[in-house]
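Report on the structure
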Amino acid sequence: MIEAATATATATTTTRERAEALAVALSDFPHALGSAISADDLLDWVGVELGHAEILDGLRPRGPILSKANPPRSILHVVAGNTPNAAIQSLTLGVLLGSHNLLKLPSAAPEVSDAVQRFIAALPQSLRECVECSSDLPDAWLLSAGAVIVYGSDETVAHFRGRLRSWQKFIAHGHRLSFAIVFDVTASGLAEAAARDVSLFDQQGCLSPHTIYVAEDASSGGGQARAFAGQLAAAMKVFNVHTPRRPLDAGAAQEIQHLRSSYAFRAANDPRVRLWQSERSTDWTVIYEEDPQFAVSCLNRLVFVKPLPPLESMSEHLRLVRPHLSSVAISPCTVANARLLMPLGVSRICALGQSQLPTPFWHQDGVAALALLVDWIDLEGASLPPDSIA
């Protein structure tokens, strides 16, 4: 059990006060919500999703009526152990809404628990009292929560979905996969941008690319994808110098070695396959192959690079993973290129190098979480001066 206050959520803070406190706490976690976040950013997020930045505080104009958004009295957050970011993101959501937050932490991920403790400690006392944390799951938490947010495997999501009652709101973030597409290799810094996307958080999050597709230029003889794979390997080597990969357990290291051995054998007998790898370690691995089928990495900085097939065939190459697709990072990141990819089933398209830096405004897994969690009180036919709205 992690020590935390157990008081009910306070009703004395305003949305702005909570946003200002959260912005201070988030300043020590620059990757949690994508970049440096200000109080105004958080208020804008509320305004975009709910229609008014102060609509949680009282009746506010919403079209021809007045409305107030009511958050759940309590939110149960069940978070995974891959990175601390999901826990901090989810907790930020609940605190910003003004709910009481019950955070079920993974029992075998001390780095997640430590990060959450530091985040909570950075909040003022009034907001620390709105958070309880535990590595166990008390039955009372699941029975009393007005909303449940679950991060984890599809099996974990199904388990909790089956235990909920009809009145409890539910947001699920199950198994997700991401990839990248380089439409033009001539821009500078592409390999470094891709290395950052792959290496940051050791591919433990759902936004980390597993496969990078690179467009070939037939007019120049092709070979751009193979060349990019070599450049990516060099960039990942450099990234690992200043940001080393975290230590692996024996099972994860063995999985990388097994995959490396398999592709080394293929590369020795097939010119359509090539392997780059860190020496005397499993720190990073780049595998080039010409099979266009989406390849799922075993994680921990192992990535596939493949020539980009015709876009009209991409749906078939992604068919097996389509239900799990999350993000695609592209270069160049243009509206025209994004439109080409919208039918593929991804919920987020971003610039290469920005995979791990979503803004608070993104719809994680296609969901507007703030809007989905609140209930509404509407007032019709009343004519109130602005200073009477409360």
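Keep in mind it's a predicted model, so treat the numbers as computed, not measured.

Conventions used here
Residues numbered from 1 in each chain as written. Predicted model: local features only at pLDDT ≥ 70, side-chain atom pairs only at ≥ 80, totals over all residues. Heavy atoms only, no water. Disulfide = S-S within 2.5 Å. Buried < 20%, exposed > 50% of the residue type's maximum accessible area, 1.4 Å probe, protein only. Pairing = 2+ DSSP bridges. Helix = DSSP H or I, 4+ residues; strand = E, 2+ residues; numbered from the N terminus. Axes fitted to C-alpha atoms, helices over the stretch in contact; angles between N-to-C directions. Expected span 1.5 Å × (residues − 1). Parallel < 35°, antiparallel > 145°, perpendicular 65-115°, else oblique. Left-handed = near helix turned anticlockwise from the far one by under 90°. Contact = heavy atoms within 4.5 Å. Nonpolar A, V, L, I, M, F, W, Y, C, P; charged D, E, K, R; others polar. pLDDT = per-residue confidence, 0-100. Salt bridge = Lys/Arg side-chain N within 4 Å of Asp/Glu carboxyl O.

1. Some points on the state of the cysteines
- Throughout the structure, instances matching the rule amount to zero disulfides.
- Cysteine Cys350 shares no disulfide, and the gap to the nearest cysteine sulfur, in Cys333, comes to 6.8 Å.
- Cys350 sits in the buried class, given a relative accessible area of 8%.

2. Section: the sheet that holds strand β5 (residues 131–134)
- Read from one edge of the open sheet, five strands run β5-β4-β3-β6-β7, paired in parallel fashion. Edge positions in the open sheet fall to β5 and β7 (169–173), since each of these has one partner strand only. Each neighbouring strand pair of the sheet contributes to a mean axis angle of 15°, computed without reference to strand direction.
- Alignment of strand β6 (residues 147–151) against β7, held across five bridges, turns out to be parallel. When the sheet's bridge partners are listed, Ile149 is paired in β7 with Ile171.

3. Examining helix α9 (residues 224–242)
- With 19 residues, α9 should cover 27 Å at 1.5 Å per step; its first-to-last C-alpha distance of 27 Å lies within 8% of that length.
- Within α9 the residues assigned to the buried category are Gln224, Ala225, Phe228, Ala229, Leu232, Ala233, Ala235, Met236, Phe239 and Asn240.

4. A word on the packing of helix α1 (residues 15–26) against helix α2 (residues 39–50)
- Where α1 contacts α2, the axes come no closer than 8 Å and their chain directions differ by 130°. Between α1 and α2, the angle falls in the class oblique. In this structure, α1 meets α2 at a crossing whose hand is right-handed. Residue-level inspection shows Thr15, Arg16, Ala19, Glu20, Leu22 and Ala23 of α1 in contact with α2, the latter providing Ala39, Asp40, Leu42, Leu43 and Val46.
- For the contact of α1 with α2, the residue count by class is seven nonpolar, one polar and three charged.

5. Quick look at the confidence of the model for the chain
- Looking at the chain, pLDDT values average 93 and 95% of them are 70 or higher.
- With pLDDT under 50 throughout, residues 1–10 is counted as low confidence; its partners more than four residues away or in other chains account for 29 contacts.

6. A word on the pattern of salt bridges
- In total, this model carries 15 salt bridges according to the counting rule given.
- Between Lys169 and Asp375 there is a salt bridge, with its nearest N and O atoms 3.1 Å apart. Residue Lys169 is found in strand β7, and its partner Asp375 is found in strand β15 (residues 375–379); the two are separated by 206 residues along the sequence.
- Two residues, Arg226 and Glu290, come together in a salt bridge whose shortest N-O distance is 3.9 Å. Of the two residues, Arg226 sits in helix α9 while Glu290 sits in the loop between β11 (285–289) and β12 (302–307), which places them 64 residues apart along the sequence.
- Several salt bridges share partner residues, and in doing so they unite Glu111, Asp202, Arg246 and Arg301 into one network.

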